[in-house]
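Examining the three-dimensional arrangement
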Amino acid sequence: MTRTSTRPIVVTSLAGVLVLSLSGVAAKSQAPAAPRASDAQLATVKQYCAGCHSDRAKAGGVSFEGLTPESIGQHADVFEKAVRKLRGRVMPPPGARQPDAASIDALVAWLEESLDHAGQPRLPEQVVLHRLNRKEYANAVRDLLAVEIDATELLPADDIAEGFDNIATALQVSPSFIEQYVIAARAVAVKAVGRADARPGGWTFRAGPGTQLTHVAGLPLGTRGGILAKVDLPSDGEYRIDVADMATHIWGNGMEFENPLVVTLDNKLVYQTVIGGEEDMKLYDQVQNGALDRVNARLKNIRFTATAGPHKIGVAFKRRTFAESDDELQINAPGGGQDRLYRVNSFQLQGPFDAKGLSQTPSRERIFSCHPSASAEQEACAKAIIAALARRAYRRPVSPEDVNELFQYYQDGVKAGGPSSFEAGVRNAITGLLASPFFLYRGEHIPAGLQPGATYAINDVELASKLSFFLWNTIPDEDLLQAAISGKLSDPAVLERQVRRMLADPRSETLAANFLNQWLDMKRLDEIVPDQAVFPYASGRSDPRADFRTELTLFADSIFREDRSVVDLLRAKHTYLNERVALQYGITDVKGERFRRVELQQSARWGLLGKGAILMAAAYPNRTSPVLRGAFVLQHIQGVPPATPPPGVPTLDEKDIGTTKALTMREMMAKHRSNPTCSSCHAVMDPLGLALENFDATGRWRDRDRYAGVAIDSSGTLPDGTAVNNPDDLREALLRRPGQFAQTFTEGLLTYATGRKLEPTDMPTVRRIVRGSAAGDYRFSALVQAVVRSDQFRMRRVPPAGAPGAPVIEGAH
Amino acid sequence: MYLSRMRLSRRAVLKGVGATIALPLLDAMNPAATVWAATPAGSPPKRFAFVGFPHGAIMDRWSPKEVGASFEMPTILEPLKAFRDHLTIVSGLRNKPGETPEPHAYIESTWLNCVKPWDHGVASPDAGVTADQMAARHIGQETRLPSLELTTSPTGARLAWRTPTQPLPQEGNPRAVFQKLFGQGDTDAERAAILHETGSILDRVKGQAARLQTSLGVRDRVVVTDYLDSVREIERRVQMAEKQDMTTLQIPDAPVGTPNDITEHFNLMFDLMALAFQADITRVITFSMDHEASMRTYTNLGIAEGFHPLSHHGNNPQKQEKLVQIQTFHTLVFSKFIERLAKAQEAAGTVLDHSTILYGSNMSNSDKHNNDPLPAAVLGHANGRIKGGQHVKYPQDSRFADLLVTLFDRNNIPVEKIGDSGGILSEI
């Protein structure tokens, strides 16, 4: 059935709205017996809902007049929405008469039971051909070939749907994508195998954000600033570094001090020099124009020899004692010390000059399982290498046809090859492997002989892929693949054991880094660049966002890894801090850039709602937004995405307010309360966001609004009358119904695991999973295991035989 | 459906948004023949280049004293004397919207759109889109890259705005630019090999996709069909590219990286720009020679003061002289670009004949930070529509945006207004 979407919740009768009349719907043959005790619930609906949702008023395009128990299951999408709004307490809207909490709970339980028993088909038809997204591609390449690549450089960005980048229907291809995909395959193969005859290339590395005056993690202790570059050198040989000019003009700042610069290769000193100091000052005075070139020449043409493969190159300054400086002892940045010193802004690496061959690298070791000496052995060895790689890349047993296809690539490469033709052949075969649709796509095949509409379980090999991309965001490892190929994976005990093993493995960190960050919409954090005028100490070089992200990931990972209740995400008292984040939280005894676990004394900081990443993402660059924060709580914790605002709402423009006194956020949102069209949503959202108003837009605690000059007033009342005056009140109010958060979490998890949007018909499964884990306090692993066991994850329905317009292609084109 | 120009342009636009992704030499060699067939008979492709430099010019050494065709070549433009008849010096224009309280921040970004930064999107939905991007909308669809944005100082502000809110990133590393233009492969032989290899990959991939399709549901087969369509489209282009005769154009080996020497860096960038035009990979280029408030020192000219402090000359004659030297040096390296275009023959003239190149700055007197009168010189004949060989001077408060609209008009690009423009400068 159709119904209008994104309408304000309270609306008077509109012409042309499709009325959903549910009276007198004939019971279909598959409807079960009506659930028990429906009279009280029907009375609740009549008293509190049918006033607006009547045939005459048709609020939101829905009418409940004449509702019968049988009609609930037949209109699952309407009632799933209704249930969602009731659970989130956004319906009945603020201002309307509210039933007491027990009545709402009873109504919700009754509706959910009806929906669960409705006997609707549970598995929607779906596209199961699922393309690897670029993160998965990079991870797969890493696990297959032991080579790290930057997928953002090689492949275009993936489209996002439902908040995630792994939704099958959004992952399409285009000619441009195919082109880049083929190029990427070639580039990765070259990187993995290396080239003994590599021509010189160049890479530029720039200093990251953050001050260049403190120690950069990974560089030797005792250095300050600088750049740490991780690079994959293409072959053995001589390389050269040119550091960006530092003596940029006569009589620049800082030249009066000696700045010792060091260049390291894998933490070994390769070069050192000094910029500045008395000698250089004399040079400027006496030689003048030629002096700059002479000083900068020390930064150029720094040569060293290195082997092929991964290396760390560092360019940094040695730290000087503050005693030598006339500057402030401490500038206002974490770890800040001397000012007016030189910075390493960038350097360029070029090479190899004189490529001298290829030493063993981790990727070559992985690939070359045999080293044929005689040419007679080469073909057999090539086939062995191909078969081993293809099995893991295609994630299934390989057929002779698969191997022969790739062997043709090998032969092409040998023909073109030159002196190391065997390696050229293998490199070409790997290019073909990575370009193959068998690598790019995960398919789930329909067993022969099934009728349209029948359901079937996906086979073990397909299940292994699905499982490893869910839990690890990469291809299955040998253990999992072997269990699948030998047909054991569908055994429930084996499956459960594999899930447990995979959760315990470090690779499950992707659930925190990838799933949770996407589920909470943390990409918004990339868009919020703190305003330097308003937050000089939390912007530009002192921007805390990257560190906040790390904190959030470490925090979530600890909850998952310790297999705690997912509700602990809201109430855990610990977090992970480094000096930067700690300072933002007002904690002064955490030093250094390393993240370490800390128990938080301030209870307002406990859980997700005290985390800087979330407080910043749900704000603007220059001010807080209780609306954004309230919407965040509604959507990600209550699972009720707020309705879109009506068109034409003017933005809050401080300039237009026209008073001489700066207003607090609460005052600026006064219209939300006075206008009934606005307050229907905002009376729910605003108190949730205002409760967090003591956290400014960079996550820092404040007691006063520094522009309005008054103390922050974070008091508010939820529609059901609960007072919520500060973050602790808010957290406690949310924790009163932990199942709600567990359900929201499970919905996200199921979406991510299945790679598709959830339909109303999936909700009974979600509820079953949540109910089943309630006794165990919603432990994380219990939810994961239940998702993996679910029909949504493991079963498919045979689609209809031939949709009109869809070509059926048999065999080769 | 995949063979139409529309498909090509969407893909080209996808690539145009600043992604430094290496591309094989596919459509680069789709030049002359195919393209001209699509345009009205006998009209060669139009080219636009906008080359900007910071800190204005010492105006009495930039603007000739005489108006008209017989003017004495001013000092700063002396290196362009061989191309006098392609040169139109335009004096007296003012970029009023470019005058902001924060010149260092806004000079570059207001040069080619003549709209104040906070007025983007206000007067019209396109207010703030720069002239080069407007040109690219009309002539950028027929080339692989709709436009190219370059610089030698990557940290500077951006000249080109594709939409009122989206400035385009500028590439400064010649190697990255080369790879963007010509794809992977450091030498000609490598490029040809890669092209050939790509063809065989695509062919085999189609066979695999067909096998993938068996025993999939109908909707999945549609996914594979889309995949195959995309593969076939690239295959077609590869086949076309392989058939092209590439001997007419000399493509050098890929540069290794960014040279340390500034002259070499400029020469390399201008060479790449000329190649890009000759190979018809793009027809719209912006090049920011340096950023405002740059501290670069031109030690090759024996100048050790930073450019920015020097630009605050305070009317000191020695400082002004040094500035003239720097400005002349800029013209010198720029003239190499013009020279290459003048030597590049194509049907019905040289590339320079068919080009419109604006060389200038959004600042006039760097000591005063003003935008009036702006140094502006136009090179090229725009297919015979720009006279060249003259110095035209306009009265006080003539609008710089009028020059931009005039350049559109001379190239038959139907953009009638940009920024605060009011009409066309018919003398040009």
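It should be emphasised that the depicted structure is a prediction, and the values quoted were computed from it without experimental measurement. (Residues numbered from 1 in each chain as written. Chains lettered and ligands numbered in written order. Predicted model: local features only at pLDDT ≥ 70, side-chain atom pairs only at ≥ 80, totals over all residues. Heavy atoms only, no water.)

With respect to the overall build of chain A
- Across its full length, chain A carries 33 helices and 16 strands.
- The 813 residues of chain A split such that 55% are buried.
- In chain A, of all internal contacts separated by at least 6 residues, the share reaching a separation of at least 24 is 74%.
- Total accessible area on chain A stands at roughly 34,300 Å², and carbon and sulfur atoms take up 52% of it. (Helix = DSSP H or I, 4+ residues; strand = E, 2+ residues; numbered from the N terminus. Buried < 20%, exposed > 50% of the residue type's maximum accessible area, 1.4 Å probe, protein only. Contact = heavy atoms within 4.5 Å. Areas by Shrake-Rupley, 256 points an atom, 1.4 Å probe, with all protein chains shown as cover.)

Looking at the nonpolar core
Residues and elements named next belong to chain A.
- Membership of the largest hydrophobic core comes to 96 residues, with the highest contact counts inside it found for Phe-470, Leu-471, Phe-560, Leu-569 and Phe-745.
- It is helix 30 (residues 738-754) that contributes the most residues to this core, seven residues altogether.
- Not counting residues within four places of it along the chain, the set of residues in contact with Leu-569 comprises Leu-516, Phe-555, Ala-556, Ile-559, Phe-560, Gly-607, Leu-608, Phe-741 and Phe-745. (Core = buried A, V, L, I, M, F, W, Y, C linked by side-chain atoms within 4.5 Å.)

What about the state of the cysteines?
Residues and elements named next belong to chain A.
- Counting across every chain of the model gives one disulfide over all chains.
- Covalent S-S linkage joins Cys-370 and Cys-381, the inter-sulfur distance amounting to 1.9 Å. Handedness of the Cys-370-Cys-381 disulfide follows from its S-S torsion of about 95 degrees: it is right-handed. Here the residue Cys-370 occupies a position in the loop between helix 10 (362-367) and helix 11 (375-394), and Cys-381 occupies one in helix 11, the gap between them amounting to 11 residues.
- Cys-381 sits in the buried class, given a relative accessible area of 6%.
- Counting only cysteine sulfurs, Cys-49 is the nearest neighbor of Cys-52, a cysteine outside any disulfide, at a range of 9.1 Å. (Disulfide = S-S within 2.5 Å.)

Some words on helix 7 (residues 175-193) of chain A
- Given a rise of 1.5 Å per residue, 19 residues ought to cover 27 Å, and the 27 Å separating the end C-alpha atoms of helix 7 of chain A matches this to within 8%.
- Immediately beyond the C-terminal end of helix 7 of chain A, within one or two residues, lies Gly194(A), with a positive phi of roughly 80 degrees. (Expected span 1.5 Å × (residues − 1).)

Describing the interface of chain A and chain B
- Counting residues at the interface gives 65 residues for chain A and 66 residues for chain B.
- In this assembly, chain A and chain B are joined by five salt bridges.
- The residue Arg211(B) makes a salt bridge to Glu405(A) at a minimum N-O spacing of 2.4 Å.
- Ranked by residues supplied to the side of chain A that touches chain B, first place goes to helix 7 of chain A with nine residues.
- When its residues are assigned to classes, the side of chain A that touches chain B shows 30 nonpolar, 20 polar and 15 charged. (Salt bridge = Lys/Arg side-chain N within 4 Å of Asp/Glu carboxyl O. Nonpolar A, V, L, I, M, F, W, Y, C, P; charged D, E, K, R; others polar.)

Re the packing of helix 6 (residues 174-182) of chain B against helix 9 (residues 262-278) of chain B
All names here are of chain B.
- In contact at an axis separation of 10 Å, helix 6 and helix 9 are set at 10 degrees when each is read in the N-to-C sense. The orientation of helix 6 with respect to helix 9, classified from their angle, is roughly parallel. Judged by residue contacts, Pro-174, Val-177, Phe-178, Leu-181 and Phe-182 of helix 6 engage His-265, Leu-268, Met-269, Leu-272, Leu-275 and Ala-276 from helix 9.
- Broken down by class, the residue content of the contact of helix 6 with helix 9 amounts to 10 nonpolar, one polar and no charged. (Axes fitted to C-alpha atoms, helices over the stretch in contact; angles between N-to-C directions. Parallel < 35°, antiparallel > 145°, perpendicular 65-115°, else oblique.)

Comments concerning the sheet that holds strand 7 (residues 302-306) of chain A
Residue and element names in this part refer to chain A.
- Taken together, four strands build an open sheet; the order of strands is 2-9-4-7 and the sheet is antiparallel. Each having just a single partner strand, strand 2 (201-206) and strand 7 make up the two edges of the open sheet. Here the average twist between neighbouring strands, direction ignored, is 25 degrees.
- Across six bridges, the pairing between strand 4 (residues 236-243) and strand 9 (residues 346-357) is antiparallel. Among the inter-strand pairings, Glu-238 is bridged to a residue of strand 9, identified as Phe-353. (Pairing = 2+ DSSP bridges.)

What to know about the confidence of the model for chain B
Residue and element names in this part refer to chain B.
- Looking at chain B as a whole, its pLDDT mean stands at 84, while 89% of the residues score no less than 70.
- Segment residues 1-41 is flagged for pLDDT under 50; beyond a separation of four residues in sequence, or across chains, it makes 95 contacts in the model.
- The ipTM value of the predicted complex is 0.76, and its pTM value is 0.81. (pLDDT = per-residue confidence, 0-100.)

Observations concerning the confidence of the model for chain A
Residues and elements named next belong to chain A.
- Confidence in the prediction for chain A averages 85 pLDDT; 87% of positions are at 70 or higher.
- A low-confidence stretch, residues 1-32 stays under pLDDT 50, and its non-local contacts, those more than four residues away or across chains, total 61 contacts.
- Overall, residues 803-813 carries pLDDT values under 50, and its contacts beyond four positions in sequence, including any with other chains, amount to 14 contacts.

Observations regarding the pattern of salt bridges
All names here are of chain A.
- Scanning the model with the defined rule gives 67 salt bridges over all chains in all.
- With a closest N to O distance of 3.0 Å, Asp-105 and Arg-89 form a salt bridge. Within this pair, whereas Asp-105 is found in helix 4 (residues 101-116), its partner Arg-89 is found in the loop between helix 3 (76-87) and helix 4, the two being separated by 16 residues in sequence.
- We classify Arg-89 as buried; its relative accessible area is 14%.

A closer look at the sheet that holds strand 11 (residues 390-399) of chain B
Residue and element names in this part refer to chain B.
- Reading across the sheet, the seven strands line up as 3-6-1-9-10-2-11 and stay open at both edges, with mixed pairing between neighbours. Each edge of the sheet is formed by a strand with only one pairing partner; in this case those strands are strand 3 (148-151) and strand 11. Neighbour to neighbour, the strand axes of the sheet diverge by 15 degrees on average, direction disregarded.
- Strand direction decides the pairing type here: strand 2 (residues 87-94) and strand 10 (residues 376-379), joined by four bridges, are antiparallel. Across the sheet, residue Val-90 finds its bridge partner in strand 10, namely Ala-376.
- Sheet strands in contact with helix 5 (residues 131-139) are strand 1 (47-52), strand 3 and strand 6 (284-288), and its direction is about 160 degrees off that of strand 6.

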